Amino acid sequence: MAEVGRVQVCDPGGLLPGGFWAAVAVWLERPQVANKRLCGSRIEARRSAALPSAGPERKERDAAGPGPQEGPEPGQGSPERDSNSRPGLGPEHEEGAAAGRGLQEGSPEGDPDSRAGLGPAQGTAGRGREEAQGWRPQVREQKEAAAAPPLAADPTQPPQTAGSQGEDPAANLDLIWDHFSKSLASGNSEMLAFLTGSREGSQPEAPHELDLILRIVIPKASPHSRLTAPRREIVVQDVPSGTATFLPLEEDVEGSVEVQMSNVYQVQLQHSEGKWFISVLIFCPERWHSEGVIYPKLTWLAEELLAKLARWSVENKKSEFKNTLSLISVMRYSRTYQELKEKYKEMVKVWPEVTDPEKFVYEDVAIATYLLILWEEERAERGVTAKQSFVDLGCGNGLLVHILCSEGEGAITPGDKTLFPDADWLIGNHSDELTPWIPVITARSSYNCRFFVLPCCFFDFTGKYCRRQSRKTQYREYLDFIQEVGLSCGFHVQEDCLRIPSTKRVCLIGKSRTYPPTGEVWMDEQRARYIHGRRGHPVSPPGKEHSCSAPEVAAGSAGHQDSPASLGSGTECVPEALPAEQGAGTQAAAVWLPGFQPREKAEPVRNCATLPRDFVDQVVLQVADLLLAGKKLNTASSQEGSLKTWNGGGSYSLAEVASELDRETLRRLKRECGGLQTLLRNSHQVFKVLNGRVHIRDWRQELQKEKRPAAKRSLSSEAFKTRLCWFFTHHPDGCVLPSSCCPFAHGPGELQPSQTSQKQRQST
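Residues numbered from 1 in each chain as written. Predicted model: local features only at pLDDT ≥ 70, side-chain atom pairs only at ≥ 80, totals over all residues. Heavy atoms only, no water.

Under an unreviewed UniProt entry, the name given to the protein chain is Probable tRNA (Uracil-O(2)-)-methyltransferase isoform X2, and the source organism is Castor canadensis.

Here you go:
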C-alpha cells in the first residue's frame, strides 16, 4: 500500500471530523462535482456490518511475528502512525459525522452538482440486521447458479449485482460482503489492515461496526467514451478509524461478483499533534489501472480529489437546493441526452438568432431530455403506453416544443382558450409573467393535468415579485413562492435541479394532488382566496366566488409573441365549459385577479440604443476627455516596430463621471435602463466599465485574452472593419494597434460592408 497524497487541513470553525464525512458523502453521492467525466452515481443499498477479524490461525501467526513475505513492499508502506495518528473519534464525534452538514460547490446559480452531504451514519440502517441475516441463506443457495455481472448490458435498466432478476440490492450487498469478509479473516491481513487504517498485523482498539454502501458510478455518455460502462463499488466507511475505502466489483471466471483488488483506494482523516490531515492511499499502486473516466490517474486522486475533499471538509455552507437530477434516472438521462445532442447538433450551425447557439440549443436539448425521462418513468408508474400531451406556455423560439414533438410527444397549440382540459402537462420554461399562473391554469384545466415550471425572472400575479425575506437569496425566495402557489392550488410540489448551462436551473413539478376529485369545488374556492389574498383584494363569501374562468392574466404572453405556440396577448378569454371535475354548480367570473397588466406586444427599447447618434457621440467625447486628462502614459510598439508613447487615461467612478455631466444630459440618460453605465458599456470600443469604475479600453490587452467561442468569433469576423476606429479618429496619440491588427477601420478607405446587412438584403 502507498500514500499518494496528503494535505494538512486548517479547521478554524471546528467542523472536523463531521465535515470530513460530509465531504466524503459528496464524492460518494455526487462524484461528478469533482470528476467532470462522470454523470453521477446511484446508491443501491446501505448496510451496517461487523468489522472482520482475523481467525484463530491468523492470530497465532500474528503472535509469532510477521513472516518474511508479510508487510508492505519496500518503498510502498504507509507512513508510521502512533496512537495519536488516528482521529480517535468518540461518541460525540460519531454524532458529528452523522450530522451531515450541507455542502455545495456553487449553487444552481453556479454549479448545481454539489449537494448536501450525508454523514456515514445517516441512511445506513436500511433494514434491520435480523432481516439482513434472514436473506443470506436464500442468497447462498442462488450464488452458484444465478450470480450476474456487475454491469447491466443495457445501462438504462437497473443493473443486477447478484442473484435472480429483480432481487433486492441489499441482499446482493450482504452476499458480496459476507464472501469478502471471510477472505479477510482467513488470511488477507494486508487488506484488513488497509480497510481499518491500522498497521499490518495489528487489531483495532475496540470492536465496532462499519457502514457499507453499494453504489453505481455512471460515466457521461460521449462519443469518445462509449465503451466505458457504469461500474459498481462497495464503499466501506469506518468512522472510528476515519477511513472510507472504495472497493470496485468485478465478475470472476466462475460468474461470482467479488471485490477487484487492483483499483482499491482510500481517503483517510488523521489527527496528530493537534493537526488534521487528509490522505489518499492506494492498496496496490503497481496494479492500478486507469481508464481515464471512472478510475483516473493516481496524480488526479492525489491532487484534484484530495484538494476538493480538503476544501469541502471545512466549508460551512448549506445548500439551498436539491441534488441535480434527483427525481429521474441519471443513467437514462445520460444516454438519452447524448443521443439527442447528436441528433440536433446541426441546429448549432444554422442557428438564426444572435444568441450563443451552443448554450441555447443544448440547454433546450437538456430540458427536453429531462421531460422525456420524467414522462417515460411516469408512464411506467401508471402502467400506460400512450405518450403524454403537453402545452408549452410562453415557449420562446419553440425549440423545446420542436424537440418534444419530434420525439413523439403530442402538443396542443394554445388558441383562444386559456384552459387546457385535454392536456396532460403544462410547461413553463422561463415563462416570465406566466410563471405563477401556470399552477393555477393547470389546476383549473382538469384534475389530471400536471405542470413543470423552470422559473427565471421574478414575477408575482400582477407584476414584479417583491422580496419579503432578506435571510434568503432572491432566487430561493422566489422558488419558495412558486412552490407555495402550487401547494395552494392543491399540488404535491417536487423540486429538482436540471443539468443545463444556465444560472437558473431549478424546476418545480406538480404531478399529483393533495385532495380527491370530489373536493374540486372547495379547493378552487381556496385557490381564489389565495390569489386575491396576494394583493389584498377582498374575498367574496363562499358560494359567490368559486372557480373562475380563463383570465386576462393567463392570456398575457410571456414576451414571445412571435412564437407559433405562445399565448396571445391582451385577450380576455372565457372557455365554453369548465372541466367536469369542478362540478356543475361553479360560477365563472370575467377575470381571476384585476390589475394584471400583460406585456405590450412591442416593448419600448430603453437600452440607450435609440438615443440620437449625435447625443451619444457628444457624451462619449466628454467622458473620454475627462479620462485622458488624468494621463497615464503607456509605451507601445508602432506599426513600424518603434516604441510609441500612448495615453491610456485615468480611472474614475461612475459617480465622478456623472458629476461632470450637465443636468439635462443626466436627465435624458435617466430615462434609459441603466442610464450612464449602459451608454458607456454600449460604447465598448472606447470604454471599459469594471467594478463601477470607467477606464479607456486598451486593445492590446483585448487581443491577448483567451480565444472566444467559435460562435462569437464568427460574429466578430463578420463585423471586422465595418466601423471606423474611434481611437484613430479622436485619440490624441491615435490607435495603439497597427491597422492590420485593429478590428476597426483606420480611415474611410478601410471600411468593409457589413455581412449581416448583406444577408438581410438577400433574404428580402
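A. View of the pairing of strand 9 (residues 389-392). Every second residue of strand 9 is oriented toward a common face, with Ser389 and Val391 on one face and Phe390 and Asp392 on the other, all of them buried. Alignment of strand 9 against strand 11 (residues 425-429), held across 3 bridges, turns out to be parallel. The residue of strand 11 that forms the bridge with Phe390 is Trp425. (Buried < 20%, exposed > 50% of the residue type's maximum accessible area, 1.4 Å probe, protein only. Helix = DSSP H or I, 4+ residues; strand = E, 2+ residues; numbered from the N terminus. Pairing = 2+ DSSP bridges.)

B. Region of the structure containing the sheet that holds strand 19 (residues 693-696). Judged by pairing direction, the sheet is antiparallel, and its 3 strands sit side by side in the order 17-19-18 without closing on themselves. At either margin of the open sheet sits one strand with a lone partner, and together these are strand 17 (652-653) and strand 18 (687-690). One ladder, built from 2 bridges, connects strand 17 with strand 19; its direction is antiparallel. Counterpart to Tyr652 in the pairing with strand 19 is Val694. Sheet strands touched by helix 16 (residues 613-629): strand 17, strand 18 and strand 19. Its angle to strand 19, the strand with the most contacts, is close to 85 degrees. (Contact = heavy atoms within 4.5 Å. Axes fitted to C-alpha atoms, helices over the stretch in contact; angles between N-to-C directions.)

C. Examining the pattern of salt bridges more closely. The full count for this structure, using the stated rule, is 32 salt bridges. Where Arg529 meets Glu525, a salt bridge forms, and the shortest distance between an N and an O atom there is 3.4 Å. Taken together, the positions of Arg529 and Glu525, both in helix 14 (residues 520-533) and 4 residues apart, correspond to about one turn of that helix. Exposure remark for Arg529: the relative accessible area of 29% places this residue in the partly exposed category. Judged by relative accessible area, Glu525 falls into the buried class, the value being 9%. (Salt bridge = Lys/Arg side-chain N within 4 Å of Asp/Glu carboxyl O.)

D. Helix 13 (residues 474-488), seen in detail. With 15 residues, helix 13 extends 21 Å between its outermost C-alpha atoms, agreeing within 8% with the 21 Å of an ideal straight helix rising 1.5 Å per residue. Among all positions in helix 13, only Tyr475, Arg476, Glu477, Tyr478, Leu479, Phe481, Ile482, Val485, Gly486 and Ser488 are buried. Contact partners of the buried residues in helix 13: helix 12 (437-445), strand 12 (450-454), strand 13 (491-497), strand 14 (506-513) and helix 14. Once helix 13 ends, the next one or two residues include Gly490, with phi positive near 95 degrees. (Expected span 1.5 Å × (residues − 1).)

E. Representation of unusual backbone geometry. In this structure, Pro17 follows Leu16 across a cis peptide bond, with omega equal to 5 degrees. On the secondary structure map, Pro17 appears in the loop between strand 1 (2-9) and helix 1 (18-29). Of note, Leu325 is a non-glycine position whose phi angle comes to about 55 degrees, a positive value. Its place among the elements puts Leu325 in the loop between helix 7 (298-313) and helix 8 (330-344). Of the residues examined, Leu325 reaches a relative accessible area of 2% and is grouped as buried. Backbone geometry at Asp432 places phi at a positive 55 degrees, although glycine is not the residue there. Residue placement: Asp432 occurs in the loop between strand 11 and helix 12. A relative accessible area of 10% means that Asp432 is categorised as buried.

F. The packing of helix 5 (residues 169-186) against helix 6 (residues 189-196), seen in detail. At a closest axis distance of 8 Å, the pairing of helix 5 and helix 6 adopts a crossing angle of 115 degrees. Relative to helix 6, helix 5 is oriented roughly perpendicular. Facing helix 5, whose interface residues are Trp177, Phe180 and Leu184, helix 6 presents Met191, Leu192 and Leu195. Classifying every residue of the contact of helix 5 with helix 6 by side-chain character gives 6 nonpolar, no polar and no charged. (Parallel < 35°, antiparallel > 145°, perpendicular 65-115°, else oblique. Nonpolar A, V, L, I, M, F, W, Y, C, P; charged D, E, K, R; others polar.)

G. Inspection of the confidence of the model for the protein chain at higher detail. When the pLDDT values of the protein chain are averaged, the result is 74; 67% of them are 70 or greater. Low pLDDT, under 50, characterises residues 537-590; the predicted model gives this stretch 139 contacts beyond four residues in sequence or across chains. For residues 711-715, every residue scores under 50 in pLDDT, and the model assigns this stretch 5 contacts once sequence neighbours within four places are set aside. (pLDDT = per-residue confidence, 0-100.)

H. View of the pairing of strand 14. Most of strand 14 is tucked away: 6 of the 8 residues are buried. The pairing of strand 12 with strand 14 spans 3 bridges and is antiparallel. Counted as the bridge partner of Phe452 is Ile509 from strand 14. Two elements, strand 13 and strand 14, share 7 bridges in a ladder whose sense is antiparallel. Within the sheet, the bridge partner assigned to Glu495 lies in strand 14 and is Leu508.

I. Local environment of the packing of helix 8 against helix 10 (residues 357-382). Between helix 8 and helix 10, the least distance of the axes is 9 Å, while the angle of their chain directions is 135 degrees. The orientation of helix 8 relative to helix 10 falls into the category oblique. In the packing of helix 8 onto helix 10, the handedness of the crossing is right-handed. Along its contact with helix 8, which presents Arg332, Tyr333, Thr336, Tyr337, Leu340, Lys341 and Tyr344, the element helix 10 presents Val361, Tyr362, Val365, Ala366, Thr369, Tyr370, Leu372, Ile373, Glu376 and Glu377. (Left-handed = near helix turned anticlockwise from the far one by under 90°.)

J. Molecular detail of the nonpolar core. Among the nonpolar cores identified, the biggest contains 38 residues, and Tyr370, Leu404 and Phe452 are the most heavily contacted of them. Elements supplying a minimum of two residues to this core: strand 3 (209-219), helix 8, helix 10, helix 11 (399-406), strand 11, strand 12 and strand 14. Look past the residues within four positions of Phe452 in its chain and what remains in contact with it is Ile367, Tyr370, Leu371, Trp425, Leu426, Ile427, Gly428, Leu498, Cys507, Leu508 and Ile509. Counting residues in hydrophobic clusters, the runner-up holds 36 residues, among them Leu28, Ile213, Val280 and Trp300. (Core = buried A, V, L, I, M, F, W, Y, C linked by side-chain atoms within 4.5 Å.)

K. Structural view of the environment of Ser406. As for its position among the elements, Ser406 is in helix 11. Classification of Ser406 by relative accessible area gives partly exposed; the value is 37%. Once residues lying within four places of it in the same chain are set aside, the contact partners of Ser406 are Lys343 and Tyr344.

L. Region of the structure containing the environment of Ala170. By the secondary structure assignment, Ala170 is in helix 5. Ala170 gets classed as buried once you look at its relative accessible area, which sits at 7%. It is 8.2 Å that separates the C-alpha atoms of Ala170 and Leu214, two residues lying 44 residues apart in sequence.

M. Quick peek at the packing of aromatic side chains. Scanning the entire structure with this criterion turns up 24 aromatic pairs. Aromatic side chains Tyr370 and Phe452 sit 6.2 Å apart centroid to centroid with 40 degrees between the ring planes, which places their arrangement in the tilted category. Pair noted here: Tyr370 is in helix 10 and Phe452 is in strand 12, with a separation of 82 residues, a long-range link. Judged by its relative accessible area of 0%, Phe452 falls in the buried class. Within the aromatic cluster, the residues linked to one another by ring pairs are Trp437, Phe458, Phe461, Tyr465, Tyr475, Tyr478, Phe481 and Tyr530. One cation-aromatic arrangement involves Arg6 over Phe277; the distance from NZ or CZ to the ring centre is 4.3 Å. Taking NZ or CZ as reference, Lys504 lies 5.5 Å from the ring centre of Tyr475, over its face. (Phe/Tyr/Trp six-rings, centres within 6.5 Å; stacked < 30°, edge-to-face > 60°. Lys NZ or Arg CZ within 6 Å of the ring centre and 35° of its normal.)

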